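# Coordinate inspection notes
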Amino acid sequence: MRVSEGGVELTVPAESTDGVEGPVFYNPRQELNRDLTIAVLGAFREERESRAATYLDAMTASGVRGIRAAANGWTAMGVDTDERAVSLARENAARNGVEETFDVVQEDANAFMYGCGRDMDRALDVIDLDPYGTPMPFADAAFANARNLVCVTATDTAPLCGAHLQSGIRSYSAVPRNTDYHAEMGVRVLLSALVRTAARYDIGVTPLFTYAKSHYVRTFLELDHRATAADATLDALGFVSHCEDCLYREHTRGHFADPLETCPACGASRVLTAGPIWLDASHDRAFVAAVRERIPSSFGTAERARAFCSTLEAELDEPTHYDQHRLCKEWTLPANAMDDFLAALRDAGYEASPAHYSGTAFKTDADVDEIRAATEPVLES
Ligand SMILES: C[S@@+](CC[C@H](N)C(=O)[O-])C[C@H]1O[C@@H](n2cnc3c(N)ncnc32)[C@H](O)[C@@H]1O
Ligand SMILES: [Zn+2]
């Protein structure tokens, strides 16, 4: 069947438009992800004054990402191991008149990336990884061969957030823990594993735009090919200790964990330690604003995408968020409107912002006791 997205027309298997896996994968629910990707690519070229020109859609399936990139002025390449995907992506490229600027190859993505790394005519400025599940089997090749930007989607949220602990440890060489900020745990475990991979190639990384949605985590990482930059990036890694009883948490930087035996807030011994995780900002606010400004009204998700960017722009850089309902349950107090709740924190002199993870997620520099003291009067009223 035919679908149109972001100004391009595609043929995709009918089954896949219901989110059911068809012979070639196409997920209509990932349109927001793809709209944001095109806006990020544009913002990257303009905001960072980058001369990046080539874009690798390393798991192309129907070709949708590569075709949209090519339609927006990139010299794109698509790779997929699946023969049916490759022929469909080629047909879709021809349908959109971008067959000259979107070349599709049937190959393993890792083999292709290493092949390009040795071929300076095919230098890869931007590499986009969009595999099934964890991206880590492709991360080494991406950092070893990308010049400017690596974009990554991870859909294995249960391992990333600590719900499938052993699988998370195996994939990410970190200990994720299942907390009430599980999606953010996933973001910070993924960033940690990616920056440690980049560091092996003497590459420093700046996360420009990172977010978690229900079934995936997405990040866009700017690269700096200097060993000193890699060292500076690694300084942003560390550990979080989290009290399961009162939800107190403490973040410590460094290569060594120093787990809390007991919670300093409530004295409980049910303290989890996770890490190494990424503790610095997961996005660059000015860059996110530039992305928002580059979302045309013609995009299918334009309104949602712009609103989403606005939330991200306002989100504080604290490494973990709180959930208002979870805290109120703990305190046996009624939850109230988020705006009033955040205003109470600000009135008490703390920083406070919504967080994009859910409608009840927020960030603040207050600790759990300080949050309660600042908000209890408005919760009870
Ligand atoms: C999640 S789909 C990609 C979806 C696509 N990027 C989009 O936005 O619609 C993953 C694709 O990766 C392909 N794939 C799996 N293993 C691969 C490998 N080792 N190298 C290249 N492609 C691979 C699959 O055939 C599948 O088409
Ligand atoms: Zn506690």
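Residues numbered from 1 in each chain as written. Chains lettered and ligands numbered in written order. Predicted model: local features only at pLDDT ≥ 70, side-chain atom pairs only at ≥ 80, totals over all residues. Heavy atoms only, no water.

An unreviewed UniProt entry lists the protein under the name tRNA (guanine(26)-N(2))-dimethyltransferase, with Halovivax asiaticus JCM 14624 as the source organism. Regarding the protein, the UniProt comment filed under Sequence similarities (unreviewed entry) reads as follows: "Belongs to the class I-like SAM-binding methyltransferase superfamily. Trm1 family." What UniProt records for the protein under Catalytic activity (unreviewed entry) is the sentence "guanosine(26) in tRNA + 2 S-adenosyl-L-methionine = N(2)-dimethylguanosine(26) in tRNA + 2 S-adenosyl-L-homocysteine + 2 H(+)". (UniProt positions renumbered as here; feature names shortened; annotations may be inferred.)

## Considering the overall build of the protein
Helix and strand content of the protein: 14 helices and 15 strands. Against the globule reference of 21 Å for 381 residues, the protein gives a C-alpha radius of gyration of 22 Å, in line with a compact fold. Residues counted as buried form 56% of the 381 residues belonging to the protein. By sequence separation, contacts in the protein at least 24 residues apart represent 64% of the contacts at least 6 residues apart. Accessible area for the protein stands at about 15700 Å²; split by element, carbon and sulfur atoms hold 46% of it. (Helix = DSSP H or I, 4+ residues; strand = E, 2+ residues; numbered from the N terminus. Rg over C-alpha atoms; globule rule 2.2 N^0.38 Å. Buried < 20%, exposed > 50% of the residue type's maximum accessible area, 1.4 Å probe, protein only. Contact = heavy atoms within 4.5 Å. Areas by Shrake-Rupley, 256 points an atom, 1.4 Å probe, with all protein chains shown as cover.)

## Describing the UniProt feature "binding site: S-adenosyl-L-methionine" (unreviewed entry) in the protein
The UniProt entry lists R34, R65, D80, D108 and A109 under the feature "binding site: S-adenosyl-L-methionine" (unreviewed entry), expressed in the numbering used here. Filtering the just-named annotated residues for those lining the largest pocket gives R34, R65, D80, D108 and A109. Residue placement: R34 occurs in helix α1 (residues 31-47). Here R34 is in contact with E5, Y26, N27, P28, V64, R65 and R68, once residues within four sequence places are set aside. For R34, the side chain forms a polar contact with the main-chain oxygen of N27, separated by 2.9 Å. Within the fold, R65 resides in helix α2 (residues 64-71). Excluding anything up to four places from it in sequence, R65 contacts N33, R34, T37, Y55, D57, D128, D130 and R218. (1 Å grid on protein atoms, 1.4 Å probe; cavity = no way out; pocket = protein on both sides within 12 Å on 5 of 7 lines; lining within 4 Å. Polar contact = N/O pair within 3.5 Å; in protein donor to acceptor, adjacent residues only side chain to side chain.)

## Remarks on the domain arrangement of the protein
By the assigned domains, the protein splits into domain 1 (2-241 + 271-314) and domain 2 (322-380). Of note, the centres of domain 1 and domain 2, computed from C-alpha atoms alone, are 32 Å apart. In this complex, domain 1 contributes 12 residues to the contact, which on the side of domain 2 involves seven residues. Considering only the side of domain 1, the residues that lose the most area to domain 2 are D180, E184 and T311, jointly responsible for 51% of the buried surface there. (Domains from an automatic or database assignment. Buried area = accessible area lost by both parts, 1.4 Å probe.)

## Some thoughts on the environment of L36
Within the fold, L36 resides in helix α1. Take L36: its relative accessible area is 0%, and that puts it in the buried class. When the C-alpha positions of L36 and C116 are compared, they lie 26 Å apart, and in sequence the two are 80 residues distant. Non-local contacts of L36, meaning those with residues more than four positions away in its chain, are made with F209, Y211, V291, I295, A305, F308 and C309.

## A look at the pattern of salt bridges
Here the structure, examined in full by the defined rule, presents 22 salt bridges. Measuring nitrogen to oxygen at the nearest pair gives 3.1 Å for the salt bridge that ties R200 to D140. Here D140 lies in helix α5 (residues 136-145) and R200 lies in the loop between α8 (182-199) and β8 (204-213), a separation of 60 residues in the sequence. Put simply, R372 and E376 hold a salt bridge, and the shortest N to O gap is 3.2 Å. On the criterion of helical spacing, the pair formed by R372 and E376 is a turn pair, its members being four residues apart in helix α14 (residues 368-380). (Salt bridge = Lys/Arg side-chain N within 4 Å of Asp/Glu carboxyl O.)

## Focus: the layout of surface pockets
Of the voids in this model, the largest pocket is the one considered here, and its volume is about 820 Å³. If you go around the largest pocket, you meet 38 residues; those closest to its centre are F25, D130, P131, Y132 and T155. Residue assignment for the lining of the largest pocket shows that the elements contributing at least two residues are α1, α2 and β4 (75-80). Per-class residue counts for the lining of the largest pocket are 16 nonpolar, 10 polar and 12 charged. A volume near 340 Å³ is recorded for the second largest pocket. Contributing to the lining of the second largest pocket are 19 residues, with H182, A183, K213, S214 and Y357 lying nearest its centre. Mapped by element, the contributors of at least two residues to the lining of the second largest pocket are α6 (157-161), α8, β8 and β9 (216-224). Here the residues of the lining of the second largest pocket are counted per class, giving nine nonpolar, seven polar and three charged. Viewed by domain, the lining of the second largest pocket spans two of them, domain 1 (2-241 + 271-314) and domain 2 (322-380), each represented by three or more residues. (Points joined across faces, edges and corners; volume = space filled by probe spheres on them. Nonpolar A, V, L, I, M, F, W, Y, C, P; charged D, E, K, R; others polar.)

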